[in-house]
Amino acid sequence: ENISLINTSNVTVTESNVTYVNNELRGAGSVVTITSDTTASEEVKLYLCDTSAGSVTVTLPTNPTQGKTWNFKKQSSSNIVRIKSSSPVLIDGAESENLTANNDSSIIQFDGRNYKII
């Protein structure tokens, strides 16, 4: 009910009152706070990573949609956020990117073969 799909296909919609643009959820659900390890979802645009209780690892999918961009922000001065991929898909030539200081952030985009920090 009340679903808007703009330039979007092959998306499983599980909630009412949502909008998808280019296969990304906009509005409620597009920003997610995490406190434990998770696998990044193509529907989420921004992950707020609360590391006050421990380090958090976010695993990027091996073959997301080309051009998909995620934003990650660390929200505690303690512990780290580890953003990781799986070989052969790398993040600027490495298997992971670490956010160590409070309010560190990273924007990562998939170019069709690997991830780029932009």
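Residues numbered from 1 in each chain as written. Predicted model: local features only at pLDDT ≥ 70, side-chain atom pairs only at ≥ 80, totals over all residues. Heavy atoms only, no water.

A. Summary view of the overall build of the protein chain. In terms of helices and strands, the protein chain carries 0 helices and 12 strands. Listing the helices and strands of the protein chain from first to last along the sequence gives β-β-β-β-β-β-β-β-β-β-β-β. The C-alpha atoms of the protein chain give 15 Å as radius of gyration, which agrees with the globular expectation for 118 residues (13 Å, within 12%). Once the C-alpha set of the protein chain is aligned to its principal axes, its extents read approximately 40 × 30 × 20 Å. Buried residues in the protein chain amount to 31% of all 118 residues. Just so you have it, the protein chain exposes about 6400 Å², and 42% of that area is on carbon and sulfur atoms. Averaging the locations of the 9 positively and 12 negatively charged side chains of the protein chain gives two centres separated by 5 Å. (Helix = DSSP H or I, 4+ residues; strand = E, 2+ residues; numbered from the N terminus. Rg over C-alpha atoms; globule rule 2.2 N^0.38 Å. Buried < 20%, exposed > 50% of the residue type's maximum accessible area, 1.4 Å probe, protein only. Areas by Shrake-Rupley, 256 points an atom, 1.4 Å probe, with all protein chains shown as cover. Lys, Arg positive; Asp, Glu negative; His and termini not counted. Charge placed at Lys NZ, Arg CZ, Asp CG, Glu CD.)

B. Molecular detail of the sheet that holds strand β9 (residues 81-84). Spatially, the 4 strands line up as an open sheet ordered β5-β7-β9-β10, and their pairing is mixed. At either end of the open sheet lies a strand with only one pairing partner, and these are β5 (38-39) and β10 (96-99). Pairing between strand β7 (residues 56-59) and β9: 4 bridges, direction parallel. Bridging across to β9, threonine 59 finds its partner in lysine 84. (Pairing = 2+ DSSP bridges.)

C. Examining the sheet that holds strand β11 (residues 105-110) more closely. The strand order across the open sheet formed by 5 strands is β4-β6-β8-β11-β12, and the pairing between neighbours is mixed. Each of the sheet's edge strands pairs with one partner strand only, and the pair in question is β4 (31-34) and β12 (115-117). Along the sheet, successive strands turn relative to each other by an average axial angle of 25 degrees, direction set aside. With 4 bridges joining them, strand β6 (residues 46-49) and strand β8 (residues 69-74) adopt parallel strand pairing. Across the sheet, cysteine 49 pairs through a bridge with lysine 74, a residue of β8. (Axes fitted to C-alpha atoms, helices over the stretch in contact; angles between N-to-C directions.)

D. Representation of the pairing of strand β2 (residues 18-21) in the model. Here β2 shows one buried face, formed by Val18 and Tyr20, and one open face, formed by Thr19 and Val21. Bridge analysis of strand β1 (residues 3-6) against β2 gives 4 bridges, and the strand direction is parallel. By the bridge assignment for β2, serine 4 is matched with threonine 19.

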